[in-house]
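# Fold and contact review
Here are the chains, one letter per residue:
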Amino acid sequence: MKAPIALAGLVAGAALLAAPAGADLPFEGQTLTVLNWNGYGSDTELALRGFEERTGATVRHVYHSGGEELRQILRSGGIGQIDVALPNPTYILQMVEEGMLQPVDPDLLDNMSKIAPNFLEVDDLYSDGALYGVPWVWGSTGLTYNTEAFPEPPTSWLVLWDEANRGRVAFMDSPIEAVMLAALHLGQDPHDPDLDAVRSALEELHENVQTYWGSSDDFNRAIITGAVTVGNYWSGNAGSLIAEGHPVGYVIPDEGAAGWLSTWVIVRDAPSSDLAHAWIDWMISTEFQLGWAEDPEAGAPAPANAEAAALLSDAARGRVQAYGEHAERLSIMQSLTPEQQQVYTDLLAEVKSGL
Amino acid sequence: MIRSRTGGPGVARALRPAEWPRLALMAPATALLIAMVAVPVAMLAWFSLLSGPGVSGAVTGREWAVMLDRPQLYGGLLLRSLALGLGATALCILIAWPTAWALSRHVAPRTRSAILALLIIPHLTSALLLIYAMYVLIAPGGPMMTALAALGLAESRDTILFTRWAVLLMLTYMYLPFMVMALFAAIERIEPTVLDAARSLGASGWARFRHIVLPMTLPGLMTGLVIVFTPAAGSFLEARILGGANGMMFGTLIAEQISRANNQPRAAAMAITLLAVILLLLGVFRLLAMRAFPGAMRRPGAHGSGGWGG
């Protein structure tokens, strides 16, 4: 555990040296207001002190407990008070339409070039060609398996459909994830598949499913007690199981997998747009992303900054599941229209009912 | 009727003086029932006529049409939920009756309070906690399966977890105390002298049960039926966690329509269907009970002064 901390310290030290001592701090005395989940990276000691040292500005946090509440806070007086927020990108388009956001100027972000290019291809980040969301961290829903049951790591989603695994599969109880996974398995566009084919594939899979898991607790309990041996699961939670020494493996199969991004946005009428840009630039910097991911207690997802991902220690890389080849095979989940939401919900419900 | 709520002093003065205390005492409960039951049910009925998503759509009745269009799914899930609810209720009755009888007739009052407390205490915690406790208990390699394996009755890896039997077990456990309470209260009302009289006139144990105990506990049984069957038939959390791939219930579908598809109208239509079917079944049970034991459902002293529901 010593090496990664020393490495992170080295990078931090180098960055400090690079900053000219005693230089005028550009935002001395100003305050930045961040709207985020409690304990999600931006309120760590590393984040707060690092930002203050760079800009002279202090950071204030307003916490929310979900995308719906985030938007509610902005609607009820948050605009004009809050500078930056971290919504799921699937909310961005709606938030732009509600007039909650202002575009991000990528030229003001020195670290923008370090973001892995495939994350910047996600449609949901843009509206009318302007960038609104800056990718920060990511995760995937990959194939998670018991290494005792599978000494040879599986490489394809086919294993879920394998008759040998009847009653051994834990499948995520999420319409969009189910449809995307089945589409990838069928070699179709995960964002616009043939839903009849998806339905048949899921009905076939239903024969093997032991449980449709709804929370990480459900999945952990099922795989640890041996009630199931394989399933689709979130990278970060699978990484935690591996780090805790459970006989668990995680892989992004050859067909690819669904993934998600967390993205920073700037709120319309932010008290200081320049300071907001400076904050985002710090959040996506190699120094912060590496430092956060290396802290075993911080629960960081994989960094979107490719340079930081490349510098990770092996332990941290396994914990946050930040493998470059994983990122390339991801299909980032995109916002669904209300009609799609209804169709996907009904489709999975019918499959689960077995009727 | 409920004139007291809306009527001004003019109306009030027209009332007989004897009605004053009754109306005053009923007013808070009446107001509460209107606000918490009548209004929500009316809103539910109204929502069910709109088309989803959300509740700002036009009145089309489309969601009812969607439901009727898929009888296999909606009807199938409804039957599954009702069967599970009835199964749990039947098991509750079978277990609770002897328990309540023993508590009332064969246990000293002090011990009885302790036992009743023990029965209730686990249920003061969150339902979710109880469900997860059951999960641990019946998990493969868990305490119950290990014990069964030690007795040579089962393999310790075999388990009913992730089957509907696990859901049935959970629902029975969940609602058992309510049934015990309802039956206990009814059994307490049976005068021992009545049973003594029957015995002295030569009635056998079965005859005393059939002609005295059963009819006299029938009102309690019907109360227990309402308290247990109604929530058990509408449950979905138990099935979702313990039922595994077989855990889809009618209630699951209602919850998903709201949390995933934002389709309150569909959820409302389904909720009304469930409510109507449950009420219908409870009505049928009541009718059967009154047929089988004429007069048993009439409570002593209740000569027509009850309900303004007619």
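Note that residues are indexed from 1 along each chain, following the sequence as it is written. Think of it this way: whatever chain is written first is A, whatever ligand is written first is 1, and the rest follow in order. Residues qualify for local features only when their pLDDT is at least 70, as the model is predicted, and side-chain atom pairs are given and counted only at 80 or more; totals for whole chains, interfaces and linings, by contrast, use all residues. Hydrogens are left out, water is left out, and the side-chain values use all remaining heavy atoms of the structure.

## Quick notes on the environment of Pro193(A)
Residues and elements named next belong to chain A. If you trace the backbone, Pro-193 turns up in the loop between helix 6 (175–186) and helix 7 (195–206). When a residue's accessible area, from a 1.4 Å probe over protein chains only, is under 20% of the maximum for its type it is buried; when over 50% it is exposed; and in between it is partly exposed. For Pro-193, a relative accessible area of 9% gives the class buried. It is 8.9 Å that separates the C-alpha atoms of Pro-193 and Ala-182, two residues lying eleven residues apart in sequence. Residues contacting Pro-193, with those up to four places away along its chain left out, are Val-179, Ala-183, Gln-188, Val-198 and Tyr-344. For helices the rule is a DSSP run of H or I covering at least 4 residues; for strands it is a run of E covering at least 2, with both sets numbered from the N terminus onward. Every residue pair with non-hydrogen atoms within 4.5 Å of one another is taken to be in contact.

## Observations regarding unusual backbone geometry
Apart from glycine, the bulk of residues carry a negative phi angle, and the bulk of peptide bonds sit in the trans form. Residues and elements named next belong to chain B. The step from Gly-52 to Pro-53 runs through a cis peptide bond, and the omega angle for that step is -5°. Relative to the assigned elements, Pro-53 resides in the loop between helix 3 (19–49) and helix 4 (62–69). A positive phi angle, close to 70°, is found at Phe-162, a residue other than glycine. Of note, the phi angle at Asn-262 is positive, near 55°, even though the residue is not glycine. Classification of Asn-262 as partly exposed rests on a relative accessible area of 38%.

## A look at a nonpolar patch on the surface
Residue and element names in this part refer to chain B. A cluster of nonpolar side chains, namely Leu-32, Leu-33, Met-36, Val-37, Val-41, Leu-275 and Leu-279, defines an oily patch on the protein surface of about 660 Å² accessible area. At the level of elements, helix 3 and helix 14 (264–292) are the ones that each hand at least two residues to the nonpolar patch. Locating Met-36 in the fold gives a position in helix 3. Each patch groups residues whose relative accessible area exceeds 30% and which form no salt bridge, using 9 Å between like charges and 5 Å between nonpolar side chains of Val, Leu, Ile, Met, Phe, Trp and Tyr. To be clear on the numbers: accessible area is Shrake-Rupley with a 1.4 Å probe, and residue cover counts the displayed protein chains and nothing else. Salt-bridge detection follows one rule: a side-chain nitrogen of Lys or Arg within 4 Å of a carboxyl oxygen of Asp or Glu.

## Structural notes on the confidence of the model for chain A
Residues and elements named next belong to chain A. Per-residue confidence for chain A averages 91 on the pLDDT scale, and 94% of its residues sit at or above 70. Confidence of the predictor at the level of single residues is captured by pLDDT, which takes values from 0 to 100. Confidence drops under a pLDDT of 50 for residues 1–7, and excluding neighbours within four residues, the segment shows three contacts in the predicted structure. Contacts of residues 12–22 to residues separated by more than four positions or lying in other chains number four contacts, the stretch itself having pLDDT below 50.

## Things to note about the pattern of salt bridges
Under the criterion given, the structure shown has 20 salt bridges over all chains. Taking the shortest distance from any N to any O, the salt bridge between Asp173(A) and Arg240(B) comes out at 3.5 Å. With Asp173(A) in the loop between strand 8 (169–172) and helix 6 and Arg240(B) in helix 12 (residues 237–242), this pair bridges two chains. A salt bridge links Arg266(B) to Asp346(A), with the nearest nitrogen and oxygen atoms 3.4 Å apart. In this pair, Arg266(B) sits in helix 14 while Asp346(A) sits in helix 15 (residues 338–353), so the two residues belong to two different chains. Just as Arg266(B) is buried, Asp346(A) falls in that class too. By sharing partners, the salt bridges in this structure join Asp173(A), Lys352(A), Arg240(B), Glu256(B) and Arg260(B) into a single network.

## Points about the interface of chain B and chain A
Facing 24 residues of chain B, the contacting portion of chain A comprises 26 residues. Once two parts are joined, some of their accessible surface, as seen by a 1.4 Å probe, is lost; buried area is that loss totalled over both. Carbon and sulfur atoms supply 51% of the area buried between chain B and chain A, which totals about 2200 Å² over both sides. Sorting the residues of chain B by area buried against chain A places Phe162(B), Ala245(B) and Arg260(B) first, and these three jointly supply 27% of that buried surface. Taken together, chain B and chain A are joined by five salt bridges. With a shortest N-O distance of 2.4 Å, Glu256(B) and Lys352(A) are connected by a salt bridge. Contributions of two or more residues to the side of chain B that touches chain A are made by helix 5 (71–105), helix 7 (127–138) and helix 13 (250–259) of chain B. If you tally residues by element for the side of chain B that touches chain A, the top one is helix 5 of chain B, at five residues. Throughout this entry, Asp, Glu, Lys and Arg are counted as charged residues, while Ala, Val, Leu, Ile, Met, Phe, Trp, Tyr, Cys and Pro are counted as nonpolar. The remaining residues, Gly among them, count as polar. Among the residues making up the side of chain B that touches chain A, the classes are represented as twelve nonpolar, five polar and seven charged.

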